[in-house]
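Architecture at a glance
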Amino acid sequence: MVEMRKPIQVSEAVRLVMENVHMMGTEAIALEHTYGRILAEPIIAKHDVPSFDRSPYDGFAVRAEDTVGASGDNRIPFTVIGEIGAGHVADRGIGSREAYRIMTGAPIPDNADAVVMLEQTTEGKDSFTLRKPFSQGENISFKGEDAKEGERLIEAGAFIHPGTIALLATFGYAKVNVAKRPIAGILSTGTELLDVSEELAPGKIRNSNGPMIAAQLTRMGIGYTSYGMQVDDLDTCTEVVEKALAETDLLITTGGVSVGDYDYLPAIYERLGAKALFNKVAMRPGSVTTVAVLGNKLLFGLSGNPSACFTGFELLTRPAILGMQGAITPYMPRMTVKLGEDFAKPNPFTRFIRAFWETTPAGIVAVPAGFNKSNAVSSIARGNCLIVLPSGTRGYRTGADVDILLLGAEQGIGEWVL
Ligand code: AMP
Ligand code: MG
């Protein structure tokens, strides 16, 4: 008998998965290895930035009061008493009509309160003249103008990108507390599967999901153990799933979650005592996507159909992996764009269409990336986003406003809003 499955909304599926996420611990690692990690502590300014008043230009440090009244007809002369290169400090403060030659990044000497850009002077040997007045503070980068000591600049749970690394380095974080990364297990099920280097044979196909999932994980910087391909056999598959669960932090299987005679994943979950959170989601592709929990581990039963597998990973597995690291922005960034092609047929399920977005004279347009059934593989290769067409009784016309989810973005967003 075919078990009846009751579809839940995608938002509900995402919520259930995220509710069952268990955080990995934290570890302190060297700054140079932090790219792509999730911060386990906020970045708090350890000192003002800049930490001293400094010159943003190459020029002369002067006292603004000495420049009062300067004009083309009344050039005011200054004596240059020395030079301050970046990394050096002046020997003494400046007096009336005195100036230091100063380089970008060098500290402003005592008494000086303006910097005259080189181009604004007429230079003599150890002197120059000015033909315009400068106000107090003109051309100075002030201590603390970028960040004040004690200021909370970045929250724990933020993704560490090159800019974050610059900030960490600024404050001398040689070691950074980050979330530990989970190790994922990947298992491709299907008696029809061949390895990439095997010749096609009647009824067989090459395993494209395994390598694809591996790359989806790699794109997130997540390590994995591959449990290869398993024929559809309940006993051996159960053994491999059990082993994989013991060795990894989450398990991603592909195939075997439909309602065919050889779709054993539901039975495997049952045997192992894993609790299915859902086994049908109101989305296309990927309606059979099943997620189960055993202890504090999530088991993602992704569809064998490549587009469904891909989409299931991006919508559910990816935020879960980020959630395991305490990420505050685990969801794909979203943009509203113009639909580039008709989707006239209404659908009771939310559709996620592999598509390509680009800027055109008509604005940002997303065009479906070709053959778009759940078994499609070519459109995954072409797409750079997923168009979201909410379920409903109407179709969608070219030019309609639609949401797209961006693939491969470094930083996500904090809320699932669809
Ligand atoms: P299943 O989810 O096992 O019912 O498989 C659904 C469809 O996806 C079938 O046509 C399978 O042959 C195909 N399929 C299953 N696993 C893979 C895989 N690893 N790579 C490519 N196609 C697959
Ligand atoms: Mg199968």
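Residues numbered from 1 in each chain as written. Chains lettered and ligands numbered in written order. Predicted model: local features only at pLDDT ≥ 70, side-chain atom pairs only at ≥ 80, totals over all residues. Heavy atoms only, no water.

1. Quick notes on the site of ligand 1
Around ligand 1 lies a shell of 16 residues, among which Glu192, Asn207, Gly256, Ser258 and Gly304 are the nearest. One of the side-chain nitrogen or oxygen atoms of asparagine 207 is found 2.8 Å away from a nitrogen atom of ligand 1. Notes on ligand 1: free accessible area 480 Å², of which the protein chains cover 79%. Split into classes, the residues belonging to the shell around ligand 1 amount to 2 nonpolar, 11 polar and 3 charged. (Near = heavy atom within 4 Å. Polar contact = N/O pair within 3.5 Å; in protein donor to acceptor, adjacent residues only side chain to side chain. Areas by Shrake-Rupley, 256 points an atom, 1.4 Å probe, with all protein chains shown as cover. Nonpolar A, V, L, I, M, F, W, Y, C, P; charged D, E, K, R; others polar.)

2. Details of helix α6 (residues 306-324)
Between its terminal C-alpha atoms α6 stretches 25 Å, which fits the 27 Å expected from 19 residues at 1.5 Å a residue. Of all bends in α6, the biggest is about 40°, found at phenylalanine 313. Taken across its 19 residues, α6 has 19 buried, putting it largely inside the fold. A positive backbone phi angle near 75° is found at glycine 326, which sits one or two residues after α6. (Helix = DSSP H or I, 4+ residues; strand = E, 2+ residues; numbered from the N terminus. Expected span 1.5 Å × (residues − 1). Bend = angle between axes of the 7 residues up to and from the residue. Buried < 20%, exposed > 50% of the residue type's maximum accessible area, 1.4 Å probe, protein only.)

3. Things to note about the sheet that holds strand β18 (residues 290-294)
Read across the open sheet, the 6 strands follow the order β14-β11-β15-β19-β18-β16; overall the sheet is mixed. The sheet terminates laterally at β14 (224-230) and β16 (275-278), the two strands that pair on one side only. Between one strand axis and the next, the sheet turns through 20° on average, direction left out of account. Along the sheet, helix α4 (residues 234-247) contacts β11 (184-189), β14, β15 (250-254), β18 and β19 (297-302); its crossing angle with β14, the most-contacted strand, is approximately 180°. The sheet strands contacting α6 are β15, β16 and β19, and the helix crosses β19 at an angle near 170°. (Pairing = 2+ DSSP bridges. Axes fitted to C-alpha atoms, helices over the stretch in contact; angles between N-to-C directions. Contact = heavy atoms within 4.5 Å.)

4. A closer look at the pattern of salt bridges
This model, assessed by the stated rule, comprises 16 salt bridges. In this structure, a network of salt bridges that share partners links the residues Glu12, Arg15 and Glu19. (Salt bridge = Lys/Arg side-chain N within 4 Å of Asp/Glu carboxyl O.)

5. A few points about the side chain of threonine 34
Within the fold, threonine 34 resides in the loop between β1 (26-30) and β2 (43-44). On the basis of relative accessibility, which here comes to 0%, the residue threonine 34 falls in the buried class. Polar side-chain contacts of threonine 34 include one of 2.7 Å to the backbone oxygen of leucine 31. Setting aside chain neighbours within four positions, we find threonine 34 in contact with Ile29, Ile160, Ile165, Val176 and Val178.

6. As for the domain arrangement of the protein
Under the domain assignment, the protein is made up of domain 1 (10-24 + 181-323), domain 2 (28-48 + 153-179), domain 3 (59-130) and domain 4 (334-406). The gap between the C-alpha centroids of domain 3 and domain 4 is 60 Å. (Domains from an automatic or database assignment.)

7. Description of the pairing of strand β4 (residues 76-84)
As defined by bridge partners, β4 adjoins strand β8 (residues 127-130) across 4 bridges and the pair is classed as antiparallel. Bridge pairing in β8 links proline 77 to threonine 129. Where β4 lies against strand β5 (residues 98-102), 5 bridges are found, and the strand directions are parallel. Considered in β5, the bridge of threonine 79 is made with glutamate 98.

8. Comments concerning the packing of aromatic side chains
Taken as a whole and assessed by the stated rule, the structure comprises 4 aromatic pairs. Between tyrosine 35 and phenylalanine 159, the ring centres sit 6.2 Å apart and the planes meet at 85°, which makes this aromatic pair edge-to-face. Highlighted residues: tyrosine 35 in the loop between β1 and β2 and phenylalanine 159 in the loop between β9 (152-154) and α2 (162-170), separated in sequence by 124 residues. Residue classification places phenylalanine 159 among the buried positions, given a relative accessible area of 13%. Ring geometry for tyrosine 331 against tryptophan 416: centres 5.8 Å apart, planes inclined by 70°, an arrangement best described as edge-to-face. Linking tyrosine 331 in the loop between α6 and β20 (334-339) with tryptophan 416 in the segment after β24 (401-406), this pair joins segments that are 85 residues apart in sequence. Across from the ring centre of tyrosine 173, 4.0 Å away, lies the NZ or CZ of lysine 46, which sits over that ring. Above the plane of the ring of phenylalanine 134 lies lysine 132, whose end atom (NZ or CZ) is 3.8 Å from the centre. (Phe/Tyr/Trp six-rings, centres within 6.5 Å; stacked < 30°, edge-to-face > 60°. Lys NZ or Arg CZ within 6 Å of the ring centre and 35° of its normal.)

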